[in-house]
Amino acid sequence: VGDWVVCSPGQKNEKSAKDFIVINFVQGGLTGDPDGPAHVAVVGAYDQKRDLVLVLDPDREYYEPYWSPTSKVFDAIRDPKSDSVHPGWIWISLK
(Lines give C-alpha, C1' and ligand atoms only; values in the text may rest on other atoms or scores of the structure.)
Protein backbone atom coordinates (compact mmCIF):
# COMPACT_ATOMS: atom_id res chain seq x y z
CA VAL A 1 0.00 0.00 0.00
CA GLY A 2 2.71 2.48 0.97
CA ASP A 3 4.52 2.14 -2.35
CA TRP A 4 1.40 2.92 -4.36
CA VAL A 5 -0.28 5.58 -2.27
CA VAL A 6 2.47 7.62 -0.62
CA CYS A 7 5.63 6.71 -2.48
CA SER A 8 4.44 7.42 -6.01
CA PRO A 9 2.68 10.71 -5.20
CA GLY A 10 5.30 11.38 -2.52
CA GLN A 11 8.12 10.98 -5.03
CA LYS A 12 6.32 13.14 -7.59
CA ASN A 13 5.46 15.68 -4.90
CA GLU A 14 9.14 15.99 -3.98
CA LYS A 15 9.94 17.03 -7.57
CA SER A 16 7.42 19.85 -7.78
CA ALA A 17 6.58 22.99 -5.84
CA LYS A 18 3.14 23.08 -7.46
CA ASP A 19 1.45 20.25 -5.59
CA PHE A 20 0.84 19.01 -2.09
CA ILE A 21 -0.72 16.10 -0.21
CA VAL A 22 -3.25 16.53 2.61
CA ILE A 23 -4.05 13.66 4.98
CA ASN A 24 -7.09 13.17 7.21
CA PHE A 25 -6.21 10.85 10.10
CA VAL A 26 -6.50 10.12 13.81
CA GLN A 27 -3.85 12.35 15.36
CA GLY A 28 -3.24 10.04 18.31
CA GLY A 29 -2.11 7.32 15.90
CA LEU A 30 0.95 9.41 15.09
CA THR A 31 1.54 11.43 18.25
CA GLY A 32 0.67 8.80 20.86
CA ASP A 33 -1.90 11.11 22.47
CA PRO A 34 -4.73 8.77 23.55
CA ASP A 35 -7.23 11.61 23.13
CA GLY A 36 -5.80 12.63 19.74
CA PRO A 37 -8.82 13.46 17.58
CA ALA A 38 -9.48 13.16 13.88
CA HIS A 39 -7.14 15.61 12.25
CA VAL A 40 -6.11 17.14 8.91
CA ALA A 41 -2.51 18.03 8.05
CA VAL A 42 -0.30 18.71 5.05
CA VAL A 43 2.51 16.33 4.14
CA GLY A 44 5.68 18.41 4.02
CA ALA A 45 8.04 15.83 2.55
CA TYR A 46 8.61 12.15 1.90
CA ASP A 47 11.95 10.48 2.65
CA GLN A 48 12.04 7.44 0.38
CA LYS A 49 15.26 6.00 1.82
CA ARG A 50 13.87 5.96 5.37
CA ASP A 51 10.20 5.52 4.31
CA LEU A 52 9.14 8.49 6.44
CA VAL A 53 6.49 11.17 5.94
CA LEU A 54 6.94 14.70 7.33
CA VAL A 55 3.61 15.76 8.84
CA LEU A 56 3.17 19.54 9.10
CA ASP A 57 0.80 19.39 12.05
CA PRO A 58 -1.28 22.58 12.32
CA ASP A 59 -1.85 21.92 16.05
CA ARG A 60 1.19 24.06 16.87
CA GLU A 61 0.19 24.60 20.48
CA TYR A 62 1.24 21.01 21.18
CA TYR A 63 3.19 19.69 18.17
CA GLU A 64 6.02 20.75 15.91
CA PRO A 65 6.24 19.14 12.45
CA TYR A 66 7.25 15.50 12.86
CA TRP A 67 8.49 12.55 10.82
CA SER A 68 6.40 9.40 10.93
CA PRO A 69 6.86 5.98 9.30
CA THR A 70 4.64 5.54 6.25
CA SER A 71 3.03 2.46 7.83
CA LYS A 72 1.97 4.51 10.89
CA VAL A 73 0.51 7.20 8.65
CA PHE A 74 -1.62 4.59 6.87
CA ASP A 75 -2.67 3.07 10.19
CA ALA A 76 -3.74 6.52 11.43
CA ILE A 77 -5.70 7.11 8.21
CA ARG A 78 -7.43 3.72 8.50
CA ASP A 79 -8.04 3.94 12.27
CA PRO A 80 -11.65 2.87 13.03
CA LYS A 81 -12.09 6.03 15.14
CA SER A 82 -11.76 8.07 11.95
CA ASP A 83 -14.68 6.41 10.13
CA SER A 84 -17.07 9.24 10.85
CA VAL A 85 -14.78 11.93 9.46
CA HIS A 86 -13.97 10.56 6.00
CA PRO A 87 -10.34 9.56 6.52
CA GLY A 88 -7.95 9.48 3.62
CA TRP A 89 -5.66 11.69 1.61
CA ILE A 90 -5.86 14.01 -1.35
CA TRP A 91 -3.15 15.07 -3.75
CA ILE A 92 -3.65 18.61 -4.98
CA SER A 93 -1.79 19.78 -8.05
CA LEU A 94 -1.76 23.39 -9.20
CA LYS A 95 -1.49 24.23 -12.88
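Rules used throughout
- Residues numbered from 1 in each chain as written.
- Predicted model: local features only at pLDDT ≥ 70, side-chain atom pairs only at ≥ 80, totals over all residues.
- Heavy atoms only, no water.
- Helix = DSSP H or I, 4+ residues; strand = E, 2+ residues; numbered from the N terminus.
- Buried < 20%, exposed > 50% of the residue type's maximum accessible area, 1.4 Å probe, protein only.
- Areas by Shrake-Rupley, 256 points an atom, 1.4 Å probe, with all protein chains shown as cover.
- pLDDT = per-residue confidence, 0-100.
- Contact = heavy atoms within 4.5 Å.
- Core = buried A, V, L, I, M, F, W, Y, C linked by side-chain atoms within 4.5 Å.
- Phe/Tyr/Trp six-rings, centres within 6.5 Å; stacked < 30°, edge-to-face > 60°.
- Lys NZ or Arg CZ within 6 Å of the ring centre and 35° of its normal.
- Pairing = 2+ DSSP bridges.
- Axes fitted to C-alpha atoms, helices over the stretch in contact; angles between N-to-C directions.

A. View of the overall build of the protein. Helices and strands together make up the secondary structure of the protein, namely three helices and five strands. Its helices and strands in sequence order give the protein the pattern α-β-α-β-β-β-α-β, from N to C terminus. By the burial criterion, 42% of the 95 residues in the protein qualify as buried. Total accessible area computed for the protein in this model is approximately 5900 Å², and 55% of it derives from carbon and sulfur atoms.

B. Layout of the confidence of the model for the protein. Here the protein averages 78 in pLDDT, and 78% of its residues register 70 or above. Within the protein, no element has a lower average pLDDT than helix 1 (residues 2–14), which sits at 53, and none a higher one than strand 4 (residues 66–69), at 94. A low-confidence stretch, residues 1–6 (pLDDT under 50), is modelled with 15 contacts involving residues beyond four sequence positions or located in other chains.

C. A look at the nonpolar core. Of all hydrophobic cores here, the largest spans 14 residues; its most connected members are Ile23, Phe25, Leu30, Val53, Val55, Tyr66 and Val73. Residue assignment for this core shows that the elements contributing at least two residues are strand 1 (19–26), strand 2 (38–47), strand 3 (52–56) and helix 3 (70–78). The contacts of Tyr66, once residues within four sequence positions are left out, are Phe25, Leu30, Thr31, Val53, Leu54, Val55 and Asp57.

D. Molecular detail of the packing of aromatic side chains. The full count for this structure, using the stated rule, is one aromatic pair. The side chain of Arg50 reaches across the aromatic face of Trp67, ending 5.6 Å from its centre.

E. Molecular detail of the environment of Lys18. Within the secondary structure, Lys18 is located in the loop between helix 1 and strand 1. Not counting the four nearest positions on each side in its chain, Lys18 is found in contact with Ile92, Ser93 and Leu94.

F. Broad picture of the pairing of strand 2. Where strand 1 lies against strand 2, six bridges are found, and the strand directions are antiparallel. Looking across to strand 2, one finds that Val22 is bridged to Val42. The pairing of strand 2 with strand 3 spans five bridges and is antiparallel. Bridging from a neighbouring strand, Val43 pairs with Val55 of strand 3. What sits between strand 2 and strand 3 in their antiparallel hairpin is a turn of four residues, with Asp51 showing a positive phi close to 55°.

G. Expanded view of the sheet that holds strand 3. Reading across from one edge, 4-3-2-1-5 is the order of the five strands in this open sheet, with antiparallel pairing throughout. A strand with exactly one partner marks an edge of an open sheet, and here the two such strands are strand 4 and strand 5 (88–93). Each strand axis lies, on average, 35° off the axis of its neighbour in the sheet, ignoring direction. Across four bridges, the pairing between strand 3 and strand 4 is antiparallel. Within strand 4, the position partnered with Val55 by the bridge is Tyr66.

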